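Spelled out, the chains give:
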Amino acid sequence: MTEEGKARRLPRRTYEKELLRLQTELVKLQEWVRAQGARLVVVFEGRDAAGKGGTIKRVTEHLNPRVARIAALPTPTERERTQWYFQRYVEQLPAGGEIVLFDRSWYNRAGVEHVMGFCTHEEYRLFLHQCPIFERMLVEDGILLRKYWFSVSDEEQLDRFRRRLDDPLRRWKLSPMDLESVTRWEAYSRAKDEMFVHTDITEAPWFVVESDDKRRARVNMIAHLLDSVPYRRPEEAPSILALPPRPPSTGYQRPPRDLQTYVPDHAAGL
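Please read these numbers as outputs of a predicted model, since none were measured by experiment. (Residues numbered from 1 in each chain as written. Predicted model: local features only at pLDDT ≥ 70, side-chain atom pairs only at ≥ 80, totals over all residues. Heavy atoms only, no water.)

Caption draft 1: Local environment of the overall build of the protein. When helices and strands are counted, the protein shows 12 helices and five strands. By its C-alpha atoms, the protein is 75 × 50 × 45 Å across when sized along the principal axes. Across the 270 residues in the protein, those meeting the buried criterion constitute 39%. Partitioning the contacts of the protein with sequence separation of at least 6, the portion at a separation of at least 24 is 79%. (Helix = DSSP H or I, 4+ residues; strand = E, 2+ residues; numbered from the N terminus. Buried < 20%, exposed > 50% of the residue type's maximum accessible area, 1.4 Å probe, protein only. Contact = heavy atoms within 4.5 Å.)

Caption draft 2: Layout of the pairing of strand β4 (residues 144-151). Of all eight residues that make up β4, seven are buried, and the element is covered over most of its length. Across seven bridges, strand β1 (residues 39-46) lies against β4 in parallel orientation. Within β4, the residue paired with Val43 across the bridge is Lys147. Examined bridge by bridge, β4 and strand β5 (residues 206-210) share five bridges and lie parallel to one another. Counterpart to Trp149 in the pairing with β5 is Val208. (Pairing = 2+ DSSP bridges.)

Caption draft 3: Examining the sheet that holds strand β3 (residues 98-103) more closely. Spatial strand order, β2-β3-β1-β4-β5: five strands in an open sheet with parallel pairing. Across the chains shown, the open sheet's two edge strands, defined by having one partner strand only, are β2 (68-71) and β5. Recorded for the sheet is a direction-independent mean angle of 20 degrees between the axes of neighbouring strands. Pairing of β1 with β3, which is carried by six bridges, proceeds in the parallel orientation. Its bridge partner lying in β3, Val43 is registered against Phe102. Of the strands in this sheet, β1, β2, β3 and β4 touch helix α3 (residues 52-60), which is tilted by about 155 degrees from β1. Set on the sheet, helix α11 (residues 214-228) makes contact with β1, β4 and β5; between it and β4 the angle comes to about 160 degrees. (Axes fitted to C-alpha atoms, helices over the stretch in contact; angles between N-to-C directions.)

Caption draft 4: Looking closely at unusual backbone geometry. The backbone of Ala49 sits at a positive phi, close to 65 degrees, despite the residue not being glycine. Mapped onto the elements, Ala49 comes out in the loop between β1 and α3. Residue classification places Ala49 among the buried positions, given a relative accessible area of 6%. You will see that Arg104, though not glycine, has its phi angle at about 70 degrees, which is positive. Relative to the assigned elements, Arg104 resides in the loop between β3 and α6 (112-116). Judged by its relative accessible area of 25%, Arg104 falls in the partly exposed class.

Caption draft 5: Here's a closer look at helix α2 (residues 12-36). If you check α2, its first and last C-alpha atoms are 35 Å apart, about what 25 residues at 1.5 Å a residue would give, namely 36 Å. Those residues of α2 that sit buried are Tyr15, Leu19, Leu22, Gln23, Glu25, Leu26, Leu29, Gln30, Trp32 and Val33. Tucked into the core, α2 has its buried residues touching β1, α3, β3, β4 and α11. Immediately beyond the C-terminal end of α2, within one or two residues, lies Gly37, with a positive phi of roughly 70 degrees. (Expected span 1.5 Å × (residues − 1).)

Caption draft 6: A look at the packing of α2 against α11. Running from amino to carboxyl end, α2 crosses α11 at an angle of 25 degrees, the nearest separation of the two axes being 10 Å. Here α11 runs roughly parallel to α2, going by the angle between their axes. α11 is crossed by α2, and the crossing has left-handed handedness. Across the interface between the two elements, Arg12, Tyr15, Glu18, Leu19, Leu22, Glu25, Leu26 and Leu29 of α2 pack against Arg215, Arg218, Val219, Ile222, Ala223, Leu225 and Leu226 of α11. Of the residues belonging to the contact of α2 with α11, the class tally is 10 nonpolar, no polar and five charged. (Parallel < 35°, antiparallel > 145°, perpendicular 65-115°, else oblique. Left-handed = near helix turned anticlockwise from the far one by under 90°. Nonpolar A, V, L, I, M, F, W, Y, C, P; charged D, E, K, R; others polar.)

See the structure below:
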């Protein structure tokens with residue numbers, strides 16, 4: 001990131017305060033989705049190290065995993081390779097009252113598969129033709145579909161790769177394919193631009209998130225998602241949430257503690 005970019009970085013205190021406010025609203029959104037039986041799909045796409053995973057973590061941090069789940073599909077199996085391309089993604093779509101966040105999605109075909117030669121030219125062109133049709137079908141069926149592209153500069157991407165290489169807790173995020181993307185920057189740029197031409201449709205437009213500043217990207221994306229969904233707080237039922245009194249003891253005696261195996265107190269030696 002340039003010096004000018006670092007100077008514009010969202011201050012941590014401001015970021016944490018606004019993130020907490022937005023996460024509180026996400027809980028309200030979740031309850032609206034559950035109460036209304038709505039179906040919400042959020043697609044996260046972008047270059048490697050663009051900040052998708054960190055944003056997804058902040059979105060789901062305080063949500064119920066039974067309502068909001070992450071779909072991050074592995075490499076397709078031999079059987080899945082013989083299916084209709086969109087088939088394994090359809091299986092991940094939400095039922096009523098659910099939210100699904102796609103950490104990469106069917107757009108793999110327009111990005112890494114196309115650039116790295118993992119699909120044929122015919123498969124790639126067929127995807128560009130079918131994808132808008134597929135997404136219109138989702139929207140026509142009532143699914144709330146939001147698509148976010150996280151945009152990162154080549155300098156910032158390189159800097160993040162270097163930091164991951166030096167960090168044993170984050171080195172797992174790097175793969176040989178991630179590193180090869182450095183040498184294919186322009187190819188990925190062309191692929192993204194071509195993808196937008198075909199799939200930035202009125203029914204399901206792309207929303208670009210500038211992500212050189214991760215804090216700014218996270219709050220911008222979450223705020224936009226909240227603004228784009230007409231949620232409202234469901235009516236609360238105070239009687240359900242009231243804490244009941246503890247009943248009096250009936251004289252039950254617990255078994256001795258030494259009959260149970262406890263986890264050693266590692267913290268005592270710190």
